[in-house]
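What the coordinates show
Residues per chain are reported as follows:
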Amino acid sequence: MYPPKYLLYSFLAYSLLTLIFYFLPHIMDIFIKIVQFVLSLSILVLFHEFGHFLFAKLFKTRVEKFYMFFNPWFSLFKFKKGETEYGVGWLPLGGYVKIAGMIDESMDTEQMKQPAQPWEFRAKPAWQRLLIMLGGVLVNVLLAFVIYIGILFTWGETYLPAKNVTYGVVCDSVFKNIGMRNGDIIVALDNKEVVRFDDVLPEILFNRSKTIQVLRNGEQVSLDIPDDFIATLLELSSKSFKLNPLLTPRIPVDGIEIQDFGDYSVAYDAGMRKGDKILSVNGHTFRFYDEFSDLLAANKGKRVETTVLRGADTLSYAFALGEDGKFGFYPLLTANAYELATQKYTLAEAIPAGIEMGIGQLGSYVKQLKLLFSQGDTAYKSVGGMASIANIFPGYWNWHSFWELTALISIMLAVVNILPIPALDGGHVLFLLYEVVTRRKPGEKFMEYAQITGMIFIFGLFILANVNDIIKFFGLMKDQIEEFRAYRAKMNERILAADHKKTSFAFRLEGLT
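Presented here is an overview of the structure given in this document. (Residues numbered from 1 in each chain as written. Predicted model: local features only at pLDDT ≥ 70, side-chain atom pairs only at ≥ 80, totals over all residues. Heavy atoms only, no water.)

1. Things to note about the overall build of the protein
- Summing up its helical and strand segments, the protein has 14 helices and 17 strands in all.
- Considering the protein as a whole, with its 513 residues, one finds that 43% of them fall into the buried category.
- Across the protein, the fraction of contacts at a sequence separation of at least 24, relative to all contacts at a separation of at least 6, is 68%.
- Of the roughly 28,000 Å² of accessible surface on the protein, 62% is carried by carbon and sulfur atoms. (Helix = DSSP H or I, 4+ residues; strand = E, 2+ residues; numbered from the N terminus. Buried < 20%, exposed > 50% of the residue type's maximum accessible area, 1.4 Å probe, protein only. Contact = heavy atoms within 4.5 Å. Areas by Shrake-Rupley, 256 points an atom, 1.4 Å probe, with all protein chains shown as cover.)

2. Section: unusual backbone geometry
- Non-glycine residue aspartate 190 carries a positive phi angle of around 50°.
- Considering the arrangement of structural elements, one finds aspartate 190 in the loop between strand S7 (185-189) and strand S8 (192-193).
- On the accessibility criterion, aspartate 190 (30% relative accessible area) is partly exposed.
- Phi angles above zero are rare outside glycine, and asparagine 282 is one such case at about 55°.
- In this structure, asparagine 282 sits in the loop between strand S13 (277-281) and helix H8 (289-297).
- With a relative accessible area of 33%, asparagine 282 lands in the partly exposed category.

3. Quick word on the packing of helix H3 (residues 126-155) against helix H12 (residues 399-417)
- Direction vectors running N to C along H3 and H12 enclose 160°, while the axes themselves pass 8 Å from each other. Judged on the interaxial angle alone, H12 and H3 are roughly antiparallel. Pair H3 / H12 crosses with left-handed handedness. Taken together, the residues of H12 that come into contact with H3 (itself represented by Val137, Asn140, Val141, Leu143, Ala144, Ile147, Tyr148, Ile151 and Trp155) are Trp399, His400, Trp403, Glu404, Thr406, Ala407, Leu408, Ser410, Ile411, Leu413, Ala414 and Asn417.
- When grouped by side-chain class, the residues that make up the contact of H3 with H12 number 15 nonpolar, 5 polar and 1 charged. (Axes fitted to C-alpha atoms, helices over the stretch in contact; angles between N-to-C directions. Parallel < 35°, antiparallel > 145°, perpendicular 65-115°, else oblique. Left-handed = near helix turned anticlockwise from the far one by under 90°. Nonpolar A, V, L, I, M, F, W, Y, C, P; charged D, E, K, R; others polar.)

4. Section: the pairing of strand S9 (residues 211-216)
- Among the 6 residues in S9, 5 count as buried, and that is most of the element.
- The pairing of S7 with S9 spans 4 bridges and is antiparallel. Looking at the pairing, leucine 189 lines up with isoleucine 212 of S9.
- Two strands pair when backbone bridges link them, and S9 and strand S10 (residues 219-224) are joined in this way by 6 bridges, in the antiparallel orientation. Counterpart to leucine 215 in the pairing with S10 is glutamine 220.
- Joining the antiparallel neighbours S9 and S10 is a turn of 2 residues, in which asparagine 217 adopts a positive phi near 55°. (Pairing = 2+ DSSP bridges.)

5. As for the sheet that holds strand S14 (residues 303-310)
- Taken in spatial order, the 5 strands make up an open sheet running S15-S14-S13-S12-S16, and their pairing is antiparallel. The strands lining the two open edges of the sheet, one partner per strand, are strand S15 (313-320) and strand S16 (329-332). Taking each pair of neighbouring strands and ignoring which way they run, the sheet shows an average axis angle of 40°.
- When strand S12 (residues 256-261) meets S16, the two strands line up antiparallel, connected through 4 bridges. When the sheet's bridge partners are listed, isoleucine 258 is paired in S16 with proline 331.

6. Focus: the nonpolar core
- Ranked by size, the top nonpolar core spans 29 residues in total, and within it Val169, Phe175, Met180, Ile186, Ile212, Phe229 and Leu247 carry the most contacts.
- When contributions to this core are tallied by element, the ones reaching two or more residues are strand S6 (169-171), helix H4 (173-176), S7, helix H5 (200-206), S9 and helix H6 (229-237).
- Once residues within four sequence positions are removed from consideration, methionine 180 is found in contact with Val169, Cys171, Phe175, Ile186, Ile212, Val214, Arg216, Leu223 and Leu247.
- Core analysis: the next-biggest nonpolar cluster, separate from the first, contains 23 residues, Phe37, Leu41, Ala390 and Ile409 among them. (Core = buried A, V, L, I, M, F, W, Y, C linked by side-chain atoms within 4.5 Å.)

7. Quick look at the pattern of salt bridges
- One pass over the structure, following the stated rule, counts 12 salt bridges.
- Linking glutamate 435 and arginine 129 is a salt bridge whose minimum nitrogen-to-oxygen distance equals 2.5 Å. Taken together, the residues glutamate 435 in helix H13 (residues 425-438) and arginine 129 in helix H3 connect sequence positions 306 residues apart.
- The class for glutamate 435 is buried, based on a relative accessible area of 11%.
- Assessed through its relative accessible area of 6%, arginine 129 is described here as buried.
- Aspartate 184 serves as the salt-bridge partner of arginine 216, at 2.8 Å between the closest nitrogen and oxygen. One end of the pair, arginine 216, is in strand S9; the other, aspartate 184, is in the loop between H4 and S7, and 32 residues separate them in sequence.
- Counted as one network, the salt bridges with shared partners bring together Lys57, Arg62 and Glu83. (Salt bridge = Lys/Arg side-chain N within 4 Å of Asp/Glu carboxyl O.)

Listed below in structure tokens is the structure:
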């Protein structure tokens with residue numbers, strides 16, 4: 001008989017190992033996302049601050065500090081060359097250049113009490129000060145254009161034409177609530193043809209489409225999009241980082257082949273193996289993968305009879321589904337069910353096309369901001385912080401995706417920075433434009449109070465955005481904990497049943513059927 005403390009230690013060790021095996025893929029995904037985000041942010045902050053630095057030096061304005069990331073209390077690295085201290089801070093929330101004779105986030109008011117010196121920002125003509133303040137935004141926009149040119153020249157442009165989605169779509173509940181069905185073929189929004197499948201959601205969100213036209217059983221049907229539909233989508237996006245796709249192309253199947261099994265699988269325990277092809281469940285066959293998924297969901301916790309093809313043999317297995325309604329395997333699905341359109345570019349072609357793409361993304365992000373401001377109470381829930389931005393990066397390394405997202409964030413950084421809010425570049429630009437028009441400088445005391453007000457506003461917005469991220473994180477963790485409890489229960493059942501077969505710890509949690 002083992003002493004109770006050893007039983008407790010064994011239980012804790014088993015629980016810890018199970019926890020590690022279950023959450024390891026998530027930890028690796030999160031780590032890769034963070035690395036990509038920090039690298040992308042470093043590039044963008046460096047170029048943004050260089051834009052201010054470049055124009056300041058061009059107009060012989062003294063730059064006292066050039067920092068990538070903020071450095072409250074201490075710096076990770078710094079050195080001084082000439083009149084400028086260069087360094088890397090430890091807080092990756094942005095960066096800054098400290099320009100002499102300017103009221104900025106450093107709040108160095110003592111310097112402003114001294115007589116203006118010819119090398120100071122405040123001594124320069126208004127048009128030079130305006131260009132110095134616009135420098136960061138201009139460089140971010142130009143950088144995005146250059147990245148888009150590079151992407152088109154290197155990889156070209158690949159997309160799914162809407163007309164090629166001939167089997168229709170699989171809809172989430174929000175689209176089913178407005179009358180759509182699985183298998184509907186989207187042809188138009190407000191009677192205007194949809195060219196790219198990926199443009200459907202952005203068109204609805206940013207251009208406020210009122211109707212959607214679909215082909216259903218060979219007939220065109222027009223469905224109204226309710227006024228509160230956008231608010232519903234924003235509310236949905238505020239609940240968790242992990243959301244089910246709202247609209248996806250329907251995947252045709254001729255039986256469903258088992259590619260691999262998850263950590264626990266009722267199908268494996270019943271006798272199914274890799275390479276088996278599922279032909280029917282409870283006598284029901286299926287032409288599309290969503291029909292199979294719906295069939296499993298309708299039989300949660302029930303006993304099912306499944307017919308599979310193994311080589312030339314047709315086999316039958318009967319077993320009970322768990323409450324998750326899953327067999328516990330990864331299906332081998334057709335990767336090329338729909339023909340993609342690909343356009344390659346020479347360098348001469350990529351330059352105008354890349355600039356056009358950048359302008360399009362710029363307009364799209366401006367529409368996103370307008371959308372947030374127009375949604376009232378729903379808008380604040382949709383504001384995302386650092387975690388939301390990091391989460392848009394994939395959980396694997398892909399240079400194409402990395403540069404696309406870096407260009408997008410560069411556009412976002414430019415647009416947000418030019419907003420007319422004190423403490424942002426746009427706030428300084430607003431006051432400089434006032435000076436140019438009225439030929440009067442705002443008072444230094446006014447500028448000081450405006451800077452403090454702007455910093456309080458931005459800090460409040462930062463807190464709101466990151467609180468929203470925390471709420472999303474808890475929503476995600478709630479789902480993951482429930483999945484983990486179910487996983488633990490299944491593993492305990494397996495141990496109690498003395499099932500000593502080798503378990504495949506594939507560490508893949510998404511896509512499990």
